[in-house]
Amino acid sequence: NRHIKFGVLLEKARELEASFIATGHYARKGVDRQEERFFIEEGVDASKDQSYVLFGLTQEQLARTLLPLGGLTKSEVRALAQEIGLRVHDKPDSQEICFVKSDYGQFIERVASERLPGGGNLLDESGRVIGRHQGSHQFTIGQRKRLGITRPSPYYVTRIDAEKNEVTVGSEEGLLRRRMTVGRMNWFSRRPPAEVMVKIRSKGPKTYATLATAGEEAEVLFHSPQKAVTPGQAAVFYAGSRVLGGGWIKNTAV
């Protein structure tokens, strides 16, 4: 979003001498008059809200962005589209990333095969080798299918070490984390509060946490342990429906 949709696209808009770009994201843009800052707010249609994916926008990008669907529900948008004769008014909703037509593992193998390490070890939580896998890029934290291991109680992927090409599996309880470090922060708010709500996945719920910021990083303590907190995914901080900012999960701790 930051580099393509609101980066390259905005450059093209400047070439065309356009004042704004408008997107179909279900989110709203607001202005904090005291801080003189733009911010993103959740869309009114909670089931379609996309505020989570817009946390990385700069103030310059937000200044030139319009979000006309944020105050509408999806059903209202479809009705308006049908009213004005748009053929896509009943088009099925897109899922996940629109340009990934296969699963993520196959996409990575197709576009970056020369950078993949090949097979590696499956470990249990004690570090014992219990099997082999065909590439750590095929797994995500919390996954329990397609592990190639059977036992009475299911295994879950609890840790991925991409540098060593090792995947650790364990019990469902092993997925719980109390802390995380978030890097490459982008703040809409100049003074984020110590007590916030945070999302660690786009369709997941917000949960209460204590926040401590230091430069471009933030240390986060969840008020209750969270399952499958995944390094590499976004963490987005909220005050009510307002997005305060966000970053990328670096590491986690029990």
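This text follows the structure it describes.
The numbers attached to residues start from 1 for each chain and follow its sequence in the written order. It should be noted that, the model being predicted, local features are given only for residues of pLDDT at least 70 and side-chain atom pairs only at 80 or more, the latter also being counted only at that level, while totals for whole chains, interfaces and linings use all residues. Excluding hydrogens and water, the side-chain figures rest on all heavy atoms present in the structure.

Q: Quick question: what am I supposed to make of the overall build of the protein here?
A: Here a helix means four or more residues in a row that DSSP labels H or I, a strand means two or more in a row labelled E, and each is numbered from the N terminus. When its secondary structure is counted, the protein shows four helices and 14 strands. The principal-axis extents of the C-alpha atoms in the protein amount to approximately 60 × 45 × 35 Å. The burial tally for the protein puts 39% of its 254 residues in the buried class. Long-range contacts, defined as pairs at least 24 residues apart, comprise 58% of the intrachain contacts of the protein with a sequence gap of at least 6. Here the Shrake-Rupley method, with its probe set to 1.4 Å, supplies the accessible areas, and only the displayed protein chains count as covering residues. Carbon together with sulfur atoms contributes 52% to the accessible area of the protein, which is approximately 15,000 Å² in total. Asp and Glu are treated as the negative residues and Lys and Arg as the positive ones, with His and the ends of the chain left uncounted. Note that the charge is assigned to NZ on lysines, CZ on arginines, CG on aspartates and CD on glutamates. Of the charged side chains in the protein, 38 are positive and 30 negative; the average position of the first set lies 2 Å away from that of the second. With a 1.4 Å probe rolled over the protein chains alone, any residue whose accessible area is under 20% of its type maximum counts as buried; one over 50% counts as exposed, and the rest are partly exposed. Throughout, a contact is declared for two residues whenever any of their heavy atoms are within 4.5 Å.

Q: Would you mind showing me how to read the sheet that holds strand E8 (residues 166–170) here?
A: Note on sheets: strands pair through backbone hydrogen bonds, and any given pair is parallel or antiparallel. Pairing in this open sheet of four strands is mixed, and the strands run E6-E5-E8-E7 from one edge to the other. Taken across any chain shown, the strands that pair with only one partner, and hence form the sheet edges, are strand E6 (129–133) and strand E7 (156–161). Direction aside, the axes of adjacent strands within the sheet are offset by 30° on average. Alignment of strand E5 (residues 120–123) against E6, held across four bridges, turns out to be antiparallel. A pair of strands is labelled paired if DSSP reports no fewer than 2 bridges between them. Every angle, taken between N-to-C directions, lies between 0 and 180 degrees, and every axis is a line fitted to C-alpha atoms, over only the stretch in contact when it is a helix.

Q: Can you walk me through the nonpolar core in this structure?
A: Most often, soluble globular proteins keep nonpolar side chains buried together rather than apart. Nonpolar cores were defined as sets of buried Ala, Val, Leu, Ile, Met, Phe, Trp, Tyr and Cys residues, with membership established by side-chain atoms within 4.5 Å. By size, the foremost hydrophobic cluster in this structure holds 19 residues, and its most contacted members are Ile40, Leu54, Phe188, Val236, Tyr238 and Val243. Looking at this core, the elements with two or more residues in it are helix H1 (4–15), strand E3 (37–42) and strand E13 (234–239). Leave out the neighbours within four places in its chain, and Leu54 touches Asn1, Phe6, His25, Ala27, Ile40, Leu67 and Phe188. Counting 17 residues, the second largest nonpolar core, distinct from the first, contains Val220, Ala235, Leu244 and Ile249.

Q: Sorry, what's going on with the pairing of strand E2 (residues 27–32) here?
A: Bridge count for E2 against E3 is six bridges, and the pairing is antiparallel. Across the sheet, the residue bridging to Gly30 is Phe39, located in E3.

Q: What am I meant to see in the side chain of Thr23 here?
A: Mapped onto the secondary structure, Thr23 falls in the loop between strand E1 (21–22) and E2. Here a polar contact is recorded for every N or O atom pair within 3.5 Å, except that within protein the pair must consist of a potential hydrogen donor and a potential acceptor, and residues adjacent in sequence are included only if both atoms are side-chain atoms. Engagement of the side chain of Thr23 in a polar contact is seen with the side chain of His25, the distance being 2.8 Å. Apart from residues no more than four positions distant in its own chain, Thr23 is found in contact with Phe6, Leu66, Leu67 and Pro68.

Q: It is not clear to me how the packing of aromatic side chains should be interpreted in this structure. Could you clarify?
A: The relation between two aromatic rings is expressed through the spacing of the ring centres and the mutual angle of the planes. In this scheme Phe, Tyr and Trp rings, the latter by its six-membered ring, pair at centre separations within 6.5 Å, and the angle between planes marks the pair as stacked below 30 degrees, edge-to-face above 60, and tilted otherwise. Counted under the stated rule, the structure contains two aromatic pairs. On the numbers, 5.4 Å between centres and 65° between planes, the contact of Phe55 with Trp248 is edge-to-face. Separated by 193 residues along the polypeptide, Phe55 in the loop between E3 and helix H2 (59–63) and Trp248 in strand E14 (residues 242–253) bring together distant segments of the chain. For Phe55, a relative accessible area of 5% translates into the label buried.

Q: Would you mind showing me how to read helix H3 (residues 74–83) here?
A: For an α-helix, 3.6 residues make a turn, and residues three or four places apart therefore share a direction. When H3 is considered as a whole, its buried residues turn out to be Lys74, Val77 and Ala81. With its buried residues spanning 60° around the axis, H3 presents them on a single face. Turned more than 90 degrees off the buried face of H3, the exposed positions are Ser75 and Glu83. The positive-phi residue at the C-terminal boundary of H3 is Gly85, with phi of around 85°. The directions from the helix axis to the C-beta atoms are what the arc is built from.

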